[in-house]
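# Architecture and fold: a report
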Amino acid sequence: MEGHQVCKPIEKTKMNDVRALYDFTGEPGTAELSITAGEVLTVMRDNVGDGWCEGFNQNGKSGLFPAAYVQIVETTASAPNAMTSSQQSSGDYWDDDWDDDSEVGQTQAYVPQQQQQQNMIQLPQHHSVDYADSVSIQAIHSVIPERPIPSIPKKNNKFSTLIKSGEDSFLLGMRVANVPESEKIYIEEIEGGRCKWVPRGESYNCVVTSPKKESKLKGLKSFIVYQLTPTFNNIQVSRRYKHFDWLHERLEEKYCFIPIPPLPDKQISGRYEEQFIEHRRTQLQEFVDYVCRHPVLARSRVWEHFITCTDEKRWKAGKRQAEKDELLGVNYFNAIHCPETTLDAIKVEIQTDTFSRFISGLDPVVKNFMAMAVDQTKKSQVLYKREFQKISQSFSTLSHALEGDESSRGKLTYALKVTGDAYNDIGKLYEEQPKFDWEPLADKFHIYRGIISSFPDVISIHKTAVQKRKDYERLVNEHKMEPQQLRDLSHRTDVIARALLAEEMHLQTEQEIHLTRAMKSHLIEQITFYQKIVDKLREALITYEI
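In this report, we go over the structure that sits alongside the text. Starting from 1, residues in each chain are numbered consecutively following that chain's sequence as written. Confidence filtering applies because this is a predicted model: local features only for residues at pLDDT of at least 70, side-chain atom pairs given and counted only at 80 or more, and all residues used for totals across whole chains, interfaces and linings. Only hydrogens and water are removed before side-chain values are computed, so all heavy atoms of the structure are retained for them.

## Some remarks on the overall build of the protein
Counting from the N terminus, the helices are DSSP H or I runs at least four residues long and the strands are E runs at least two residues long. From N to C terminus, the protein includes nine helices and eleven strands. The buried share of the protein, reckoned over its 546 residues, is 47%. Whether two residues are in contact is decided by their heavy atoms: any pair within 4.5 Å suffices. Within the protein, counting contacts between residues at least 6 apart in sequence, those at least 24 apart form 75% of the total. Element-wise, carbon and sulfur atoms account for 51% of the exposed surface of the protein, whose accessible area totals about 27700 Å². For each residue, the accessible area found with a 1.4 Å probe, counting protein chains only, is set against the maximum for its type, and the residue is called buried under 20%, exposed over 50%, and partly exposed in between. We get accessible surface area from the Shrake-Rupley algorithm with a probe of 1.4 Å; when it comes to residues, only the shown protein chains can shield them.

This is the structure in structure tokens:
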């Protein structure tokens, strides 16, 4: 399989004990073995391939389970320089077996015994250690950290290293990229000295629909496929969660000056349940909508490749091209074209500091708001539903008890029964309602929380450039540098500043238009919901009329 080295079978495989880190429910009718977090299993074959191990539990039941869900049980220190060959990725991501079937966040899989002896490794492009560095890779055995999966993706270490190493080169003009016309980005200044991205081409939408379960390896490997249809050509493409994950990484590396909206959280269990699949579809739709609305991201070559390519061969070629792209990170500032006028450095610094404080204050508030929306969903589906069922039961019990008295039979007992049924129906309404109001609101704020949490990284690029300009101003005053060099650096610093200002304005537009729209939709659904409750109670009230 291209880009994925599978362990070669060996005549004798030493059996290892591993401990389950997560629950895993095997698919009925397959060779999968259900495991429970904490239980000890014995690995018979770690070379099954495709991220799976074969083993048996303490009850003697055997089967296949994901390698990423277990860690080896060892009593001695692990040998250095170990990594599974399944983590080596020199080939094609389309065929890579790391996907939504082992969604464990920033983790690595269990390391088979025969591969622990490998000293020479090839790091994948998405690994946090740079190729060029001579590093000592410590053993990776108990590599799944005992911490919750972060709900908001953070830029990886490789991205941060790229920014730190590339910013000086850009500011000093040491690396001037050849930018094709299709990659150029334009910023214009509008009233009040504000900056905005200049849209290129007509706006469009992209619809995420028809999630369905598919499988390979004779049913051993299952996954969910989503259909994407952009409105500019109405041609449908099929994408899996792993493709979205690949796209997200490309966008983060390429656009260091744009906070990239987060993907839905990765899921360990229940990923084939109908309700989860549909909810993930709506979350992916939010991600896609945000990208389509962004004037820069919507015209990105890698994004357009993602939503238009239907041929596997062209997909692979485009994927390789995107992964070899040199016009990314700080180097992509060379593609930004903006006014030549000099910005007021003091005014920009004040504006940036004000925006930075706004973001810092907004981040915990949005986090708490999301927690509230999730809490309301859970309460509606469990607590409120159960409470109204109790109320219903009380009315129904009273109705039944009164039937024992002949003088109470008839209209009153019937009315009480109807009242009990009404409260039971209200409980059902509470159970169903969150998918119309609280869940969409939480999904919307999941996107904006990710955007907000990424802004400090964008702001830090600007602050580093400003500090570099101050250092150069001091050198010019000390006659250790030519004024022209400072003027060139100041221009490039202004490019970075204008990119930040343009992105700040885009966030303000999102808040004014799309968050307003989301809140209106939420309140409309709430009004409809409570109107249904009123209708139920009125229907019960009528039965008491003499």
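## Observations regarding the packing of aromatic side chains
Two rings belonging to Phe, Tyr or Trp (six-membered ring only in the last case) form a pair when the distance between their centres is within 6.5 Å. Interplanar angles under 30 degrees mark stacking, angles over 60 mark edge-to-face geometry, and anything in between is tilted. Applying the stated criterion to the full structure yields 24 aromatic pairs. Grouping aromatic residues by their ring pairs yields a cluster made of Tyr384, Phe388, Phe395, Tyr423, Tyr430, Phe529 and Tyr530. It is arginine 240 that lies over the ring of phenylalanine 223; its NZ or CZ is 3.6 Å from the centre. The aromatic ring of tyrosine 332 is capped on one face by lysine 254, whose charged end is 4.4 Å from the ring centroid. Any Lys NZ or Arg CZ that is within 6 Å of a ring centre and within 35 degrees of that ring's normal is treated as a charge sitting over the ring.

## Brief notes about the sheet that holds strand E9 (residues 221–230)
Spatially, the three strands line up as an open sheet ordered E8-E9-E10, and their pairing is antiparallel. Strand pairing shows two members of the sheet lacking a second neighbour, strand E8 (206–216) and strand E10 (237–240), which therefore form its edges. Along the sheet, successive strands turn relative to each other by an average axial angle of 35°, direction set aside. Strands qualify as paired when DSSP identifies two bridges or more between them. Inspection of the sheet shows E9 paired to E10 by four bridges, in the antiparallel sense. Paired with valine 225 across the bridge in E10 is arginine 240. Running at roughly 85° to E10, helix H2 (residues 241–254) makes contact with E9 and E10 of the sheet. Axis lines are fitted to C-alpha atoms, over the contacting stretch for helices. Their N-to-C directions set the angle, which ranges from 0 to 180 degrees.

## Notes on the side chain of arginine 281
Position of arginine 281 relative to the elements: it lies in helix H3 (residues 274–293). Relative accessible area serves as the criterion here: at 17%, arginine 281 is assigned to the buried category. If sequence neighbours within four positions are ignored, arginine 281 has contacts with Val208, Thr209, Pro211 and Tyr226.

## Concerning the pattern of salt bridges
For this analysis, a salt bridge means a side-chain nitrogen from Lys or Arg found within 4 Å of a carboxyl oxygen belonging to Asp or Glu. Enumeration according to the criterion identifies 26 salt bridges in this entry. Here aspartate 425 ties to lysine 536 by a salt bridge, and the two come within 3.4 Å at their closest N and O atoms. Residue aspartate 425 is located in helix H7 (residues 411–432), and its partner lysine 536 is located in helix H9 (residues 483–542); the two are separated by 111 residues in the primary sequence. Via salt bridges that share partners, Glu183, Lys254, Arg301 and Asp325 belong to a single interconnected network.

## Thoughts on the nonpolar core
Counting 83 residues, the largest nonpolar core has Leu228, Tyr255, Phe257, Phe287, Trp303 and Phe333 as the members making the most contacts within it. No other element matches helix H8 (residues 438–477), which puts 15 residues into this core. Each of domain 2 (158–339) and domain 3 (341–545) contributes no fewer than three residues to this core. Dropping the residues within four chain positions of it, phenylalanine 333 is found in contact with Phe170, Cys256, Phe257, Ile461, Val495, Ile496 and Ala499. Residues grouped as a nonpolar core are buried Ala, Val, Leu, Ile, Met, Phe, Trp, Tyr and Cys residues, joined through side-chain atoms within 4.5 Å. With 19 residues, the next largest nonpolar core counts Ala20, Phe24, Ala68 and Ile72 among its residues. Where each domain starts and ends comes from a domain assignment, either automatic or drawn from a database.

## Observations concerning the pairing of E9
Burial analysis of E9 places ten of its ten residues in the buried class, the great majority of the element. What you see with E9 is no split at all: Lys221, Phe223, Val225, Gln227 and Thr229 on one side and Ser222, Ile224, Tyr226, Leu228 and Pro230 on the other are buried throughout. Between the antiparallel neighbours E9 and E10 lie six residues, among them asparagine 234 with a positive phi of about 55°.

## Quick notes on the sheet that holds strand E7 (residues 194–197)
If you walk across this open sheet you meet the three strands as E7-E6-E11, and the pairing is mixed. The two strands at the open ends of the sheet, each matched to only one other strand, are E7 and strand E11 (336–337). Relative to E7, strand E6 (residues 185–190) runs antiparallel, the two being bridged by four bridges. What sits directly across from glutamate 188, in E7, is lysine 196. Sheet strands in contact with H9 are E6, E7 and E11, and its direction is about 80° off that of E7.

## Thoughts on unusual backbone geometry
Phi is positive for asparagine 234, which is not a glycine, with a value near 55°. Summarising the element assignment, asparagine 234 is placed in the loop between E9 and E10. Relative accessible area serves as the criterion here: at 59%, asparagine 234 is assigned to the exposed category. Positive phi, normally seen in glycine, also occurs at histidine 479, with a value near 60°.

## Topic: the packing of H8 against H9
As a packed pair, H8 and H9 sit with axes 10 Å apart at the nearest point and diverge in direction by 165°. As far as their axial angle goes, H9 and H8 are roughly antiparallel. Seen along the crossing, H8 lies across H9 with a hand that is left-handed. Class assignment of the residues belonging to the contact of H8 with H9 gives a composition of 23 nonpolar, six polar and eight charged. Oblique is the label for every angle not falling under 35 degrees (roughly parallel), over 145 degrees (roughly antiparallel), or within 65 to 115 degrees (roughly perpendicular). It is the rotation of the near helix from the far one that decides the hand of a crossing: anticlockwise by less than a right angle makes it left-handed, clockwise makes it right-handed. Ten residues, namely Ala, Val, Leu, Ile, Met, Phe, Trp, Tyr, Cys and Pro, are considered nonpolar, four, namely Asp, Glu, Lys and Arg, are considered charged, and the remaining ones, Gly among them, are considered polar.

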